[in-house]
Amino acid sequence: MTALVAPDLSRWQPWAAMVEDFGGPDEMHGSGYWHLDGDPVPTRTGCAAFVTMTEATSTADLDGTRVPSTYFWIAAQDGAPGDDLVGFLHLRHTLNEWLFEQGGHIGYSVRPAARRRGHASRALALGVSAAARLGIDRVLVTCDVGNDASRRTIEAGGGRFEDERQGKLRFWIPCDGPTAG
Ligand SMILES: CC(C)(COP(=O)(O)OP(=O)(O)OC[C@H]1O[C@@H](n2cnc3c(N)ncnc32)[C@H](O)[C@@H]1OP(=O)(O)O)[C@@H](O)C(=O)NCCC(=O)NCCS
């Protein structure tokens, strides 16, 4: 099982362990940290700052380059308190020019210790459902050429290949499809 949960300070310890497992923000490709005003610091204070930063992006069209978005943490089971955290998913509510060309609506990453257990596939399906609830009818999901794990995650989620642009493979997933649940 896999669940998406809202970032919350009550989960700071599993969050900090997850950040450390990744080996730092530079290794969290897909997590949406480029969209925040600071790097995650794996402490209680750092988690509080992270939660505040993620909430600030939920509605604001920040400086014209970033769009309103929702951050999720990927939980290993049903998302109940105490559930371990295994990754990140970032849902952009709209596409600006760069997101349309490169970034897409949804980014995700799963901590190294929890990979190849289906978490990314299930999280992406849940992210597509979250997009549907926002009224989005299809989501753009992209990956680097050569990122086979992400490409297969997208294809497993019903992604329809559109094209390659500047090293990115671009796929559309309909939000009313079988994975939208
Ligand atoms: C991409 C990533 C999120 C996949 O997470 P995961 O939880 O291991 O993925 P899943 O277990 O759901 O597997 C999804 C598919 O990818 C395949 N896959 C997973 N890891 C793979 C690998 N290293 N090489 C090839 N295929 C791989 C699985 O077999 C599965 O394909 P299938 O459905 O055809 O069997 C994870 O590898 C990751 O976080 N990578 C670094 C960050 C990143 O690249 N994020 C995406 C940015 S676009």
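Here is what the cut-offs are and how they apply
All chains use their own residue numbering, which begins from 1 and follows the written sequence. Predicted model: local features are reported for residues with pLDDT of at least 70 only, side-chain atom pairs are reported and counted for 80 or more only, and whole-chain, interface and lining totals are derived from all residues. In this text, helices come from DSSP runs of H or I with a minimum length of four residues, and strands from runs of E with a minimum of two, each type numbered from the N-terminal end. As defined in this context, the radius of gyration uses C-alpha atoms, and a globule is described by 2.2 Å times the residue total to the power 0.38. Exposure is read from a count of other C-beta atoms within 10 Å of each residue's own; the residue is exposed at 12 or fewer, buried at 20 or more and partly exposed in between. C-beta atoms are placed from the backbone. One bridge is not enough; two strands pair if DSSP finds at least two bridges between them. A pair of residues counts as a contact when their C-beta atoms, built from backbone coordinates, are separated by no more than 7 Å. Note on method: axes are straight lines fitted to C-alpha atoms, helices fitted across the in-contact stretch only, with angles between N-to-C directions ranging 0 to 180 degrees. Joining buried Ala, Val, Leu, Ile, Met, Phe, Trp, Tyr and Cys residues through C-beta atoms within 7 Å gives a set, and that set is a nonpolar core. Of all possible arcs, the one meant is that of the directions from the helix axis to the C-beta atoms. Every helix has an expected span of 1.5 Å times one less than the residues it contains.

Draft legend 1. Just the overall build of the chain, in detail. What the chain contains, in helices and strands, is five helices and seven strands. Along the chain, from the amino end to the carboxyl end, the secondary structure elements read β-α-α-β-β-α-β-α-β-α-β-β. For the chain, the C-alpha radius of gyration of 15 Å lies close to 16 Å, the compact-globule estimate for 181 residues. C-alpha extents for the chain along the principal axes are approximately 40 × 40 × 30 Å.

Draft legend 2. View of the pairing of strand β6 (residues 160-165). Within β6, only zero of the six residues are buried, which leaves it mostly out in the open. Summarising the sheet, β6 and strand β7 (residues 168-174) pair through five bridges and their orientation is antiparallel. Across the sheet, Arg160 pairs through a bridge with Trp172, a residue of β7. What sits between the antiparallel neighbours β6 and β7 is a turn of two residues, in which Gln166 has the positive phi angle 50 degrees.

Draft legend 3. Molecular detail of the environment of Asp84. Following the sequence through the fold, Asp84 ends up in the loop between β2 (69-75) and β3 (85-92). Apart from residues lying up to four places away in sequence, Asp84 is in contact with Pro14 and Ala76.

Draft legend 4. Spatial organisation of the pairing of β3. Here β3 lies mainly inside the structure; eight of its eight residues are buried. Inspection of the sheet shows β3 paired to strand β4 (residues 106-110) by five bridges, in the antiparallel sense. In the strand pairing of β4, His90 is matched with Gly107.

Draft legend 5. The sheet that holds β2, seen in detail. Strand order in the open sheet formed by four strands is β1-β2-β3-β4, and the pairing between neighbours is antiparallel. Two strands lie at the open edges of the sheet, namely β1 (3-5) and β4, each paired on one side alone. Within this sheet the neighbouring strands show an average axis-to-axis angle of 25 degrees, counted without direction. Both β1 and β2 contribute to a ladder of three bridges, which runs antiparallel. Residue pairing in the sheet places Ala3 in a bridge with Ala75 of β2. The strands touched by helix α4 (residues 119-133) are β1, β2, β3 and β4; relative to β3, the strand with the most contacts, the crossing angle is about 35 degrees.

Draft legend 6. Summary view of the nonpolar core. Grouped together as the largest cluster of nonpolar side chains are 40 residues, with contacts concentrated most on Ile74, Leu89, Ala123 and Val139. When residues of this core are traced back to their parent elements, those giving at least two are α1 (12-22), α2 (44-56), β2, β3, β4, α4, β5 (138-144) and β7. With eight residues, the top contributor of residues to this core is α4.

Draft legend 7. Looking closely at helix α5 (residues 148-156). Looking at α5, one finds that the buried residues are Ser150, Thr153 and Ile154. One side of α5 carries all its buried residues, which in axial view fall inside an arc of 95 degrees. Along its buried surface, α5 packs onto α4, β5 and β7. Trailing α5 by a residue or two, Gly158 shows a phi angle of about 90 degrees, which is positive.

Draft legend 8. Highlighting α4. A rise of 1.5 Å per residue sets the reference length of α4, with its 15 residues, at 21 Å; its end C-alpha atoms lie 21 Å apart and thus fit the reference within 8%. Counted residue by residue, α4 has 11 buried out of 15 residues, so it is predominantly covered. Positive backbone phi, at 90 degrees, marks Gly135, one or two positions downstream of α4.

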